[in-house]
Amino acid sequence: MFRSIPFWVLLIATFISWAAWGVVINKMSPFASPRIAVPAFYITSFMSLLTTFSVVGTLLRKFSSPSRNLLRCINISLRQGAILSCVSLIALFFQQARTFNLWVGALLLLIGIILESMFWDPKG
């Protein structure tokens, strides 16, 4: 079913990014080296979430509409995964700064929805 090389590259990138995230969580201390550990955490978290959202989105799109082009499914899923990852990490940053609340979360979701609606194509 999935004989496309980009899908397998995306799947392998998902496993690599989660492994890198695990290394950052287990081997780096934000107290010992905050200038390296905190950016590394955010970068690996972004890559892990991006690839995971993209793989899940691609699978959902392909199984809901098997006749759809796989590369188009990957393209749409990468865009939506990037938006979801950015919203998640901005929420995490606000939580780290202890300023995250219901209104900030609602505004972030609204911004993500508006941003995605700018790219929305009714043809699919």
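Computed from a predicted model, the values in this text were never measured in an experiment.

Engineer: I'd like to hear about the side chain of Ser-4, residue by residue, with values.
Structural biologist: Mapped onto the secondary structure, Ser-4 falls in the segment before helix H1 (5–27). Judged by its relative accessible area of 16%, Ser-4 is buried. Contact partners of Ser-4, with chain neighbours within four places excluded, come to Leu-70 and Leu-71.

Engineer: Tell me about the pattern of salt bridges, and name the residues and values.
Structural biologist: With the rule as written, the count across this model stands at one salt bridge. Taking the shortest distance from any N to any O, the salt bridge between Arg-79 and Glu-116 comes out at 2.9 Å. Taken together, the residues span a long stretch of sequence, with Arg-79 in helix H3 (residues 70–96) and Glu-116 in helix H4 (residues 102–119) at a distance of 37 residues. Among the residues examined, Arg-79 registers a relative accessible area of 24% and is labelled partly exposed. Judged by relative accessible area, Glu-116 falls into the buried class, the value being 16%.

Engineer: Let's hear about the packing of aromatic side chains: which residues, and what values?
Structural biologist: The geometry of an aromatic ring pair is captured by two quantities: the separation of the ring centres and the angle between the planes. Inspection of the entire model under this criterion finds five aromatic pairs. Judged by centre distance (5.5 Å) and plane angle (70 degrees), the rings of Phe-41 and Tyr-42 are edge-to-face.

Engineer: Before we move on, could you go through the side chain of Thr-51 and cite the residues and values that matter?
Structural biologist: Summarising the element assignment, Thr-51 is placed in helix H2 (residues 34–64). Among the polar contacts made by the side chain of Thr-51, one reaches the main-chain carbonyl oxygen of Ser-48 at a distance of 3.2 Å.

Engineer: Now, about the packing of H1 against H2: what can you tell me, with residues and values included?
Structural biologist: The N-to-C vectors of H1 and H2 enclose an angle of 150 degrees; their axes lie 8 Å apart at closest approach. Classed by the angle they form, the pair H1 and H2 counts as roughly antiparallel. In this structure, H1 meets H2 at a crossing whose hand is left-handed. Residue classes in the contact of H1 with H2 are distributed as 15 nonpolar, nine polar and no charged.

Engineer: Tell me about the nonpolar core, and please be specific about residues and values.
Structural biologist: In terms of nonpolar packing, the biggest core is built from five residues, these being Phe-7, Leu-10, Val-55, Leu-70 and Ile-74. Listed by contribution, the elements that provide at least two residues to this core are H1 and H3. Apart from residues no more than four positions distant in its own chain, Val-55 is found in contact with Leu-10, Leu-11 and Thr-14.

Engineer: Before we move on, could you go through H4 and cite the residues and values that matter?
Structural biologist: Helix length check: H4, at 18 residues, gives a terminal C-alpha distance of 26 Å against a target of 26 Å (1.5 Å per residue), a fit within 8%. Turning to H4, its buried residues number three or more, namely Val-104, Gly-105, Leu-108, Gly-112 and Glu-116. Taken end-on, H4 shows its buried residues confined to a sector of 105 degrees, consistent with a single buried face. The exposed residues of H4 that point more than 90 degrees off its buried face are Leu-102, Trp-103, Leu-107, Ile-113 and Met-118. For H4, the elements touching its buried residues are H3.

Reading the values: rules and limits
Residues numbered from 1 in each chain as written. Predicted model: local features only at pLDDT ≥ 70, side-chain atom pairs only at ≥ 80, totals over all residues. Heavy atoms only, no water. Helix = DSSP H or I, 4+ residues; strand = E, 2+ residues; numbered from the N terminus. Buried < 20%, exposed > 50% of the residue type's maximum accessible area, 1.4 Å probe, protein only. Contact = heavy atoms within 4.5 Å. Salt bridge = Lys/Arg side-chain N within 4 Å of Asp/Glu carboxyl O. Phe/Tyr/Trp six-rings, centres within 6.5 Å; stacked < 30°, edge-to-face > 60°. Polar contact = N/O pair within 3.5 Å; in protein donor to acceptor, adjacent residues only side chain to side chain. Axes fitted to C-alpha atoms, helices over the stretch in contact; angles between N-to-C directions. Parallel < 35°, antiparallel > 145°, perpendicular 65-115°, else oblique. Left-handed = near helix turned anticlockwise from the far one by under 90°. Nonpolar A, V, L, I, M, F, W, Y, C, P; charged D, E, K, R; others polar. Core = buried A, V, L, I, M, F, W, Y, C linked by side-chain atoms within 4.5 Å. Expected span 1.5 Å × (residues − 1). Arc of directions from axis to C-beta.

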